[in-house]
Amino acid sequence: MTATPTVSIVVPILNEADNLPKLFEHLHQLTAKPQQIIIVDGGSIDGSLTLAQSLMTEMITIQQSAIDWQVLAFSAGRALQMNRGAALATGDVLLFLHADTKLPDHAMTEIALAITQAKWGRFDVHLDSNKLLLKLVGSMINLRSRLSGIATGDQAIFIKRKLFEQLGGYPNQALMEDVEISKRLKAIGKPACLNSKVVTSARRWQQHGTWRTILLMWRLRFDYWRGVSADSIRRRYYKN
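Residues numbered from 1 in each chain as written. Predicted model: local features only at pLDDT ≥ 70, side-chain atom pairs only at ≥ 80, totals over all residues. Heavy atoms only, no water.

Undergrad: How do you make sense of the environment of R122 when you look at a structure like this?
TA: The residue R122 is located in strand β6 (residues 120-127) in this model. A sequence separation of 31 residues divides R122 from G153, and the C-alpha atoms of the two residues are 8.9 Å apart. Leaving out residues up to four positions away in the same chain, R122 has contacts with N142, S145, R146, A151, Q155, A156, I157, F158, A192, C193 and L194. A distance of 2.9 Å separates the side chain of R122 from the side chain of S145, its partner in a polar contact. (Helix = DSSP H or I, 4+ residues; strand = E, 2+ residues; numbered from the N terminus. Contact = heavy atoms within 4.5 Å. Polar contact = N/O pair within 3.5 Å; in protein donor to acceptor, adjacent residues only side chain to side chain.)

If you want it as structure tokens, here you go:
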């Protein structure tokens, strides 16, 4: 009988103090548990690192969590942080999760099943807004991902750890690291596109305007496709 694959969740954070209590509680309450959760702080200035360490201690000592929680500080940069977390992972599968994203309750079970048929995958995404336009945006992200075989970080990408290591991890670039690793993974095999939805924050869309953000994302993806550097794209992304 084949053992159920174990999952290590890697969460890169930067100034996420407002989201961390909800993140820890959400992960602790998952119906099916991951083997390990690794939080990697990239130099937060809002107390995120200290708060994450405190929450980890609470999970371990007070709530008697069976999960292997780890919190560490590292250099800034989402790709660097995720690679550092992955280097400490012991699970058969790596799940890369944004701090403002919630998994389906049975995510671990679904990943364990999916990874027997594919080497990597992602979830569908739902933006946490009741606005019709943002619901449409989420649906279009999911459709685009299915048609292209490319996933974004908001979709909670999961990868067999050995394959991730063979690829050398995420490319060390300022932005679009999720798109780049998806391209490399797609060349090896199609992703498992899970219908279950992760719920992710719509804060950027709400802060900067939905249509403005849609047009910006399209332009940035087109620029990346035609060879504009990730550093240049990052400057434009954070300027807007």
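Undergrad: Explain the nonpolar core to me, please; I cannot follow it from the model alone.
TA: A general feature of soluble globular proteins is that nonpolar side chains tend to end up buried together. Core analysis: the biggest nonpolar cluster contains 43 residues, and I9, F24, L103, M108 and F158 have the highest contact counts within it. When near neighbours in sequence (up to four residues on either side) are disregarded, F24 contacts I39, A52, L55, M56, M59, W69 and V71. Listed in part, the 19 residues of the second largest apolar core include L72, I157, I181 and L185. (Core = buried A, V, L, I, M, F, W, Y, C linked by side-chain atoms within 4.5 Å. Buried < 20%, exposed > 50% of the residue type's maximum accessible area, 1.4 Å probe, protein only.)

Undergrad: Hey, could you run me through the pairing of strand β1 (residues 7-13) in this one?
TA: Along a regular strand, successive side chains alternate from one face of the sheet to the other. Along β1, seven of the seven residues are buried, which leaves the element largely enclosed by surrounding structure. Alternating positions in β1 separate into two faces, V7, I9, V11 and I13 on one and S8, V10 and P12 on the other, with burial throughout. Sheet analysis places β1 next to strand β2 (residues 36-41), joined by six bridges and oriented parallel. Its bridge partner lying in β2, V10 is registered against I38. The parallel pair β1 and β2, bridged by helix α1 (residues 20-28), forms a crossover whose chirality is right-handed. (Pairing = 2+ DSSP bridges. Right-handed = clockwise from strand over helix to strand, strands pointing away.)

Undergrad: When you look at the pattern of salt bridges in this model, what are you seeing that I'm missing?
TA: As a working rule, side chains carrying opposite charge can pair if their charged atoms are close by. Within this structure, the stated rule accounts for five salt bridges. Taking the shortest distance from any N to any O, the salt bridge between R146 and D124 comes out at 2.7 Å. On the criterion of sequence distance, the pair formed by R146 in helix α5 (residues 132-148) and D124 in strand β6 is long-range, its members being 22 residues apart. R146 sits in the partly exposed class, given a relative accessible area of 35%. Where R184 meets E180, a salt bridge forms, and the shortest distance between an N and an O atom there is 3.3 Å. One end of the pair is R184 and the other is E180, both in helix α7 (residues 177-186) and four residues apart, which spans about a single turn. (Salt bridge = Lys/Arg side-chain N within 4 Å of Asp/Glu carboxyl O.)

Undergrad: Before we go on, may I ask you to explain the environment of K33 in this structure?
TA: Positionally, K33 belongs in the loop between α1 and β2. Along the sequence, K33 and I67 sit 34 residues apart, while their C-alpha atoms lie 7.2 Å from each other. Leaving out residues up to four positions away in the same chain, K33 has contacts with H28, I67 and M108. Separated by 2.8 Å, the side chain of K33 and the backbone oxygen of L30 make a polar contact.

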